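Observations on the model geometry
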2 protein chains.
Amino acid sequence: MDDLQPPGRLVTLTDVAREAGVGESTVSRVLRNHGSYSKRAGERVAEAVARLGYVPNRLAGSLAGPGASTRLAGVVIPSLANVVFPDLLRGLTTALDAEGIQCVIGVSDYDADREEALVAALLSWRPAALLLTGLEHTPGTVALARAGGLRVVEMIDTDGAGIDAVVGFSNRAVGAASARHLVGRGYRRIAYLGHDLAVDLRAGKRLAGFEDTLAESGLALCGKEIRPGPSSPGSGRAGLEALLARRPDLDAVYFSNDDMALGGYFACLAAGLAVPGRIALFGFNGLDFAAAMPQPLSTVRTPRLEIGRQAAACVMGERAKRIDLGFTLIEGATA
Amino acid sequence: MDDLQPPGRLVTLTDVAREAGVGESTVSRVLRNHGSYSKRAGERVAEAVARLGYVPNRLAGSLAGPGASTRLAGVVIPSLANVVFPDLLRGLTTALDAEGIQCVIGVSDYDADREEALVAALLSWRPAALLLTGLEHTPGTVALARAGGLRVVEMIDTDGAGIDAVVGFSNRAVGAASARHLVGRGYRRIAYLGHDLAVDLRAGKRLAGFEDTLAESGLALCGKEIRPGPSSPGSGRAGLEALLARRPDLDAVYFSNDDMALGGYFACLAAGLAVPGRIALFGFNGLDFAAAMPQPLSTVRTPRLEIGRQAAACVMGERAKRIDLGFTLIEGATA
DNA sequence: TCGCCTTTTGGCAGCGCTGCCAATCCGGTT
DNA sequence: AACCGGATTGGCAGCGCTGCCAAAAGGCGA
């Protein structure tokens, strides 16, 4: 193997053709196993490829080929700090890898304008599909996505209209189900503890569903604590301590997610408050640790991996679909 | 804005040139703000771009341009299930975004052959840089990376020789420091509890450093539990229960990471074992929740985001560097 | 052995863009 | 009024690959 590739000029298909003593078209056919070629040609090309260490240039391939069949998928997620999105990515890449499709990712930091810029940048690679998070986008993002002439999949949220395909679950319904659970268990002095809602719109939808359902029972939140910044156990712990200082009579807390709830649980442990006897805790997401807690966390499990997988299926699918994968309420032992 | 783009033929630079009434080269110069052009030309092009909704085709751009300047970085990580890698990605994308570089990612599932396949696939996009995890690769991977004529950065681990640039910390040193801490605190009956070492080589290096250091004090592990599958709190809890069943006299446990340690902590809470009085726990990574625990977890904080950032800096940098970012031992209250 | 049909093959245009180069334009000089 | 240097501009080759087409090579029955 030629280790000393003069860096600057990489091996091209033409080099392979010369080395193998066949035409360029033949090399192309062999490499893509497309069209017909003799066994002999196949062998000579394979040898030449190995000898030269040839790596195809897909930039050129996609440019030359029909339309924009790039085998690339552009993915925009709002964050990597929240486990949910890596999980989503995991389902996505696993399923897409099987189809030989690679992901180009962009992280928007929950900023719609950044999302738009990322979409424009991603589209410049002429991806075969564009995967976005949530249903709320700038008009510019929507226009770009529509004009791209490619499959667009919006993931996670189904509470609203989508551009093309939509895969997820109803965040409002999650909030509603969580409220019904708490009310059904007899809790009345319920507070909400969350991270910044202005940026995490889906958490806002859950809260809206939660409050609406409380209202149906003639109840209202008896406390609401919104912590700035992203969700984290530290934030959950500090938040619950703040909440209890203000409203010592609380009997249940609905958290924006499990990370926050874990922090709340730690706060209770530290303060010696019985869970759920003295105070009940309810989370969201159904993360790994929730089931391992001494008292399994009461929460809602979301089908994150499955959303990724189904989104990948949408990328391949012919028609745009709208898939609601639902969620599972886990009773647990903390509420 | 023309909403009805006949899908199949997207707007090209030539269209923009015609619309703006200028030559292609001028459009190209304006768009890249490269070379000189009149104010008037700039305006006409900008208008045409807006009117047509033009999105440049970078496939063509990179193909035409010099060398392989793609503004793409190929990234291979072993997993998305372990928070460490999303954190790494986060540091990476943040810093790379600022330079207008996009990441194409591949997930190897801790499989070196898969990694090689991914590297080949990524190289076919002619990325400007290749970022790998760890120092152990197949000969094929190394050959590909070398032949690519691009910057290669290996992240996280510095215990060994790299292909080009290396950014991380010494896992062996982490294990050694952890052992010194536990021994210094007087623990003698120490066990190890980890996830599958065959796949996570860096966990293996930590354990090696740990055991070597124990040996220097004339000690040896008095128990070792390796759980199949990835690390998780559930696995940590079950593992500690198994370990205690076999060796009820344990006085400390070194976990492969914080997730496992959290599970161990839950096991202690559930069994009513005092931490660290009855049994001490020591983790690895310094995740968010560690500090929020009623007794902050004793662990080692790794500079994950910073590794990502520095790796991004290496991508841009002229010369290959070798950067050891070290780590911080957090005394905590569990060991 | 010849002709006909199928398989295999190579040449070449062109994908959308950039770099190079020569042409054109502009304002001020002599 | 002819001239000059720099700013601005357009034409065009070519990046590496694929699709199309016509040419060449086989295969086979008559």
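This text follows the structure it describes.
Rules used throughout
- Residues numbered from 1 in each chain as written.
- Chains lettered and ligands numbered in written order.
- Predicted model: local features only at pLDDT ≥ 70, side-chain atom pairs only at ≥ 80, totals over all residues.
- Heavy atoms only, no water.
- Near = heavy atom within 4 Å.
- Polar contact = N/O pair within 3.5 Å; in protein donor to acceptor, adjacent residues only side chain to side chain.
- Contact = heavy atoms within 4.5 Å.
- Buried area = accessible area lost by both parts, 1.4 Å probe.
- Salt bridge = Lys/Arg side-chain N within 4 Å of Asp/Glu carboxyl O.
- Helix = DSSP H or I, 4+ residues; strand = E, 2+ residues; numbered from the N terminus.
- Nonpolar A, V, L, I, M, F, W, Y, C, P; charged D, E, K, R; others polar.
- Pairing = 2+ DSSP bridges.
- Buried < 20%, exposed > 50% of the residue type's maximum accessible area, 1.4 Å probe, protein only.

1. Quick notes on the protein's contact with DNA strand C
Surveying the vicinity of DNA strand C reveals 23 residues, the closest of which are G23 and T26 of chain A together with L13, S28 and Y54 of chain B. At the protein interface, 68% of the atoms of DNA strand C within 4 Å belong to sugar or phosphate. Note that a base oxygen of DNA strand C is positioned 2.7 Å from one of the side-chain N or O atoms of S25 of chain A. For DNA strand C, a phosphate oxygen lies 2.6 Å from a polar atom in the side chain of S38 of chain A.

2. Some words on the interface of chain B and chain A
In many analyses, interface size is given as the accessible surface area lost on bringing the parts together. Each partner contributes to the interface: chain B provides 54 residues, whereas chain A provides 54 residues. Between chain B and chain A the total buried area reaches about 4,900 Å² when both faces are included, carbon and sulfur atoms providing 69% of it. It is L59, W125 and R126 of chain B that lose the most area in chain B upon contact with chain A, and together they represent 15% of the buried surface on that side. In this structure, the connection of chain B to chain A is made through 2 salt bridges. The shortest N-O distance in the salt bridge between D97 of chain B and R114 of chain A comes to 2.7 Å. If you look at where chain B meets chain A, you find 14 residue pairs in polar contact (both at pLDDT 80 or more). The element best represented in the side of chain B that touches chain A is helix α6 (residues 112-123) of chain B, accounting for 6 residues. A class-by-class count of the residues in the side of chain B that touches chain A yields 36 nonpolar, 10 polar and 8 charged. Pairing geometry for strand β2 (residues 102-107) of chain A and strand β2 (residues 102-107) of chain B, over 3 bridges, is antiparallel. Note that in β2 of chain B the partner of C103 of chain A across the bridge is I105 of chain B.

3. So, unusual backbone geometry
For the bond from V275 of chain A to P276 of chain A, the omega torsion is 5°, close enough to zero to count as cis. Relative to the helices and strands, P276 of chain A resides in the loop between α11 (258-271) and β9 (280-282). Phi angles above zero are rare outside glycine, and D109 of chain A is one such case at about 55°. By secondary structure assignment, the location of D109 of chain A is in the loop between β2 and α6 (112-123). Of the residues examined, D109 of chain A reaches a relative accessible area of 54% and is grouped as exposed. Although it is not a glycine, N285 of chain B sits at a positive phi angle of roughly 125°. Structurally, N285 of chain B can be placed in the loop between β9 (280-282) and α12 (288-292).

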